[in-house]
Amino acid sequence: MDASLSKNGRRLLRGFFVLVVVFLYAPIAVLLIFSFNNAEVPAFPLSGFTLHWYREFAGNSELRGTLATSAIVAAVSSVGAVVLGVLASIALARRRFRGKALVSALLLSPLVIPYVVFGIALLLLFHTLGIPRSIVTVMIGHVVISLPYTILVLVPRLEQIDVALEEAAYDLGAGPAVTFRTVTLPLILPAIVSAFLIGFTTSFDEYAVASFVVGTRATFPIYLYSALRFPSQLPQVIAVAVVVLSVSLLVVLGAEIGRRRAERALGAA
Amino acid sequence: MSARTEHGAFAGTSRRGRLRARLATPGLLGLPLGWLGVFFVAPVCIVAAYSVDALSLFPGPHQVTLSVWRDFLHGGVYLHLFWKSVQMSLVVSTVVVLVAYPLAYYLALSGTKRKYVLLLVLIAPFLTSYLLRVLAWKVILGNQGVVNTFFAWIGLRAADHPISALLYSRFAVMLVLAYVWLPFVALPIFVALENVDQSLLEAAADLYASRLQAFRRVTLPLSLPGVVAAFLFVFIPTVGEFITPSLVGGTSGYMYGNQIVDLFGTGFPDWETGSVLALFLLVVIAVLTGIFARFLRVGQTPAR
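(A) How the structure looks around the overall build of chain B. Check the secondary structure of chain B and you find 14 helices and 0 strands. Across chain B, helices and strands are ordered from the amino to the carboxyl terminus as α-α-α-α-α-α-α-α-α-α-α-α-α-α. A burial count over chain B gives 43% of its 304 residues as buried. Taking the intrachain contacts of chain B between residues at least 6 apart in sequence as the baseline, contacts between residues at least 24 apart amount to 69%.

(B) The arrangement of the overall build of chain A in detail. Helix and strand counts for chain A come out as 11 helices and 0 strands. Scaling as 2.2 N^0.38, a compact globule of 269 residues should have a C-alpha radius of gyration of about 18 Å, whereas chain A reaches 23 Å, well beyond that. Across its three principal axes, chain A shows a C-alpha extent of roughly 70 × 70 × 30 Å. A buried classification covers 44% of the 269 residues belonging to chain A. Of the contacts formed within chain A by residues at least 6 apart in sequence, a portion of 79% connects residues at least 24 apart.

(C) Quick look at the interface of chain A and chain B. Counting from both sides, the interface comprises 86 residues of chain A and, opposite them, 87 residues of chain B. It is helix H1 (residues 7–35) of chain A that provides the largest number of residues to the side of chain A that touches chain B, a total of 14 residues. Here the residues of the side of chain A that touches chain B sort into 69 nonpolar, 6 polar and 11 charged.

(D) Up close: H1(A). All names here are of chain A. For H1, with 29 residues, the first-to-last C-alpha span of 42 Å sits near the 42 Å given by 1.5 Å per residue. Of all the bends in H1, the greatest reaches close to 35° and is centred on Tyr-25; the proline Pro-27 follows between one and four positions later. All of the buried residues along H1 are Phe-17, Pro-27, Leu-31, Phe-34 and Ser-35.

(E) Geometry of the nonpolar core. Counting residues in hydrophobic clusters, the biggest one holds 165 residues, and the most contacted among them are Ile120(A), Ala100(B), Ala104(B), Val185(B) and Ile189(B). Per-element accounting of this core gives the leading share, 17 residues, to helix H8 (residues 170–194) of chain B. Each of domain 1 (1–51) and domain 2 (70–296) of chain B contributes no fewer than three residues to this core. Not counting chain neighbours up to four residues away, the residues in contact with Ala100(B) comprise Leu182(B), Val185(B), Ala186(B), Ile189(B) and Ala230(B).

(F) Seen up close, unusual backbone geometry. Not every positive phi belongs to a glycine, and Tyr168(B) is a case in point at roughly 55°. Summarising the element assignment, Tyr168(B) is placed in the loop between helix H7 (146–153) and H8.

(G) Spatial organisation of the domain arrangement of chain B. Residues and elements named next belong to chain B. Each assigned domain of chain B is listed with its residue range as follows: domain 1 (1–51) and domain 2 (70–296). On a C-alpha basis, the centroid separation for the pair domain 1 and domain 2 is 35 Å. Taken together, the contact pairs 4 residues of domain 1 with 6 residues of domain 2. Residues belonging to the side of domain 1 that touches domain 2 are distributed by class as follows: 3 nonpolar, 1 polar and no charged.

(H) Structural detail: the confidence of the model for chain B. Residues and elements named next belong to chain B. In the predicted model, chain B carries a mean pLDDT of 83, and the fraction of residues at 70 or more is 87%. Here residues 1–13 scores under 50 on pLDDT; set against residues more than four positions off or in separate chains, the count is 13 contacts. Here residues 298–304 is modelled with pLDDT under 50, and outside its nearest four sequence neighbours on either side it reaches 20 contacts, counting other chains as well. Both confidence scores are given for the complex: pTM 0.86, ipTM 0.88.

(I) Structural detail: helix H6 (residues 130–141) of chain B. Residue and element names in this part refer to chain B. Taking 1.5 Å of rise per residue, the 12 residues of H6 would be expected to cover 16 Å, and the 17 Å separating its terminal C-alpha atoms lies within 8% of that figure. Burial analysis of H6 places 10 of its 12 residues in the buried class, which makes it a mostly covered element. Burial in H6 covers these residues: Leu-131, Leu-132, Arg-133, Val-134, Leu-135, Ala-136, Trp-137, Val-139, Ile-140 and Leu-141.

(J) Here's a closer look at the environment of Asn143(B). Residues and elements named next belong to chain B. Among the secondary structure elements, Asn-143 is positioned in the loop between H6 and H7. Residue classification places Asn-143 among the partly exposed positions, given that 14 C-beta atoms sit within 10 Å. Remark: the alpha-carbon pair of Asn-143 and Thr-25, spanning 118 residues in sequence, is separated by 59 Å.

Cut-offs and rules
Residues numbered from 1 in each chain as written. Chains lettered and ligands numbered in written order. Predicted model: local features only at pLDDT ≥ 70, side-chain atom pairs only at ≥ 80, totals over all residues. Helix = DSSP H or I, 4+ residues; strand = E, 2+ residues; numbered from the N terminus. Buried ≥ 20, exposed ≤ 12 C-beta atoms within 10 Å, placed from the backbone. Contact = placed C-beta atoms within 7 Å. Rg over C-alpha atoms; globule rule 2.2 N^0.38 Å. Nonpolar A, V, L, I, M, F, W, Y, C, P; charged D, E, K, R; others polar. Expected span 1.5 Å × (residues − 1). Bend = angle between axes of the 7 residues up to and from the residue. Core = buried A, V, L, I, M, F, W, Y, C linked by C-beta atoms within 7 Å. Domains from an automatic or database assignment. pLDDT = per-residue confidence, 0-100.

What follows is the structure in structure tokens.
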């Protein structure tokens, strides 16, 4: 006998699971449907198929500019977060030092700070220092936000790796830099890639902190938020939404499958 | 921890090696801690300085005072709004955990072969754009939105009598927040249930416990840390939320986070009061996190 579920219980839970998945994906499906609908307002009844909104979005240089800006901000800030995250994770996973619990709490604390509080705090910092707001200030904030995520991905991976491999490199005369480059880095590369992707998607989608420290050059979420206030742009925004959601779903699924494969390959080796 | 003794043994092979290992720690931690010091800790200290008027938006003579804090704690308006946000957030977190628990239970304990695939299906929406998922609900719930025009179309309701409470209401805010956070919450509960030792359930069954008894006395208590973590994972970000209420909340869905944003906005900026509100929220969340820190580690490998 299965101690945790009866046959009927399992059937019931499966039905519930399906219902919730439908609830989760239905709004995304609604966006998909109305992105092809030939009407200014997303409303029933549907009034015909069109690619007009996608064409309009493709021809909207302001919108494409914000997508490019966000891609730059996301790339730079996630590389920064990964570099800081690798340094911190090696210290946390490989070194003994006093106050480790405190250090690790501080490194992870951006996870729980409300973004509205962090946003105004950064705003006040830049205001006090007289630093003008720009995409650089957004990048600075996004590095802080992404850093704990990279640590959460990297530390468990480092702990899986047998320390003996690094010791062997040291015993053979390799310095810390060579050991890291030839032994540690290749082993944690899959984790670095997922950390980068997490940082990238976090930054690409981040509105709250960016809204306080962004300059005149808007990121995509900033543009999106202001576009939501103009109904005439709605169908176009929906078309963009579909593209962005599809791409991010593909990236997420691809990254997860890739990570699984890489770790299985490394585990088998 | 075995890795540590191994490491110690390795460091002991040469004095220089040991020295290098010790010196390397500040080198490793210097940059990350420096970054957080300048761009995370210092900004929060500046907020604190504004909250007691040590710094001010308007130049001129001013002295350190607790009067803004006093007004905040006695005025009632802001605390009332804070309490309203807490209540909304509590409802959202509770509903979301209650819905996610059976999902996680199904994935972890039903013996389905594709549980990781199904888990990914559940979580994937969380990894896509937050703003766009809120946008979807704006399209769905509006007076001229999908639900109302659909009802009008099939004749359930007259077109000029839409259900206007759908959008710009407290209900809309809570619905959207629950939608946004639901996928994420299943994860910590799933991890906790996965770690429940199956032989305990078999033992319970051998001792003639019914499934319900086994669940109530074995599975549920053992998965409780995951439930608490899941609850906090939703409560902490939603209590200070301002994006969703500003997009679908209207005036009745206005939350504490919106008040903070408005105090720093272009209309009637009051950075001192805004700083007090922000710091108060931060303190409440820091205390909560401190109390429940051990639950928040569920599903993560704590670095120690």
